[in-house]
Amino acid sequence: MTSPSKKTAATPSAKPAIIVRNSPVHGRGVFATRNIPADTFLIEYEGERISDKEASKRHGLDPENPYHTFFFSLESGKMIDGGVDGSDARWINHACEPNCEAREEKKRVNIYSLRDIKRGEELNYDYGLVVEDKQTKALKKAYECRCGAETCRHTMLAPPEKKKAKKKTKAKKSKKD
């Protein structure tokens, strides 16, 4: 999956660079087992590939936590449901000041470090969740962020796109005298 030119956090003979354990941020989390340099491939986000329609059917099935899913949207419009046959990447928590990012490469989602990550540090990326509904206080609360960063948006939702101001042009009328 990785080319020789890419830095990778794990090799076949090496101890894995990440481990899943309880997180102080939320539920389970993924942590570095050693120092990881910037721009290092960490893990692929894996799971069952489903349609948006199927994701809609599956969303909110847990009455205890109806907004929690392991869905990852692909550019093709398909979704990865990390809750079905998913990798440990599904446990990476959201943060508004992330140390990792997800990159879609050849129809796969790979997680890379954005900066040097210290041993014991929790991995995170900005989920940037996009919803079709208006971002009300209640919706933002349902997708509450707990990262604690100075610049925390307090929600895992992507900031709404600003509507482009429509230029009002008035037709000029010429008067004939």
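Reading the values: rules and limits
Residues numbered from 1 in each chain as written. Predicted model: local features only at pLDDT ≥ 70, side-chain atom pairs only at ≥ 80, totals over all residues. Heavy atoms only, no water. Phe/Tyr/Trp six-rings, centres within 6.5 Å; stacked < 30°, edge-to-face > 60°. Helix = DSSP H or I, 4+ residues; strand = E, 2+ residues; numbered from the N terminus. Buried < 20%, exposed > 50% of the residue type's maximum accessible area, 1.4 Å probe, protein only. Lys NZ or Arg CZ within 6 Å of the ring centre and 35° of its normal. pLDDT = per-residue confidence, 0-100. Contact = heavy atoms within 4.5 Å.

A. Molecular detail of the packing of aromatic side chains. What the rule picks out here adds up to five aromatic pairs. Ring geometry for F70 versus W91: centroids 5.2 Å apart, planes at 80°, classification edge-to-face. Of this pair, F70 sits in the loop between α1 (52-58) and β6 (71-73) while W91 sits in the loop between β7 (79-81) and β8 (93-94); the two residues are 21 residues apart in sequence, bridging distant segments of the chain. Relative accessible area serves as the criterion here: at 23%, W91 is assigned to the partly exposed category. Summarising the aromatic geometry, the rings of Y125 and Y127 are spaced 5.3 Å apart at their centres and angled 50° between planes, so their arrangement reads as tilted. Judged by its relative accessible area of 27%, Y127 is partly exposed. By the ring-pair criterion, three or more aromatic residues cluster together here, those being Y45, F72, Y125 and Y127. When the ring centre of F70 is taken as reference, the NZ or CZ atom of R90 above it lies at 5.9 Å.

B. Up close: the confidence of the model for the chain. Of the residues in the chain, 78% reach a pLDDT of 70 or more, and the chain-wide mean stands at 83. Contacts of residues 1-5 to residues separated by more than four positions or lying in other chains number five contacts, the stretch itself having pLDDT below 50. Taken together, the stretch residues 165-177 has pLDDT below 50 and engages in zero contacts with residues farther than four places along the chain or on a different chain.

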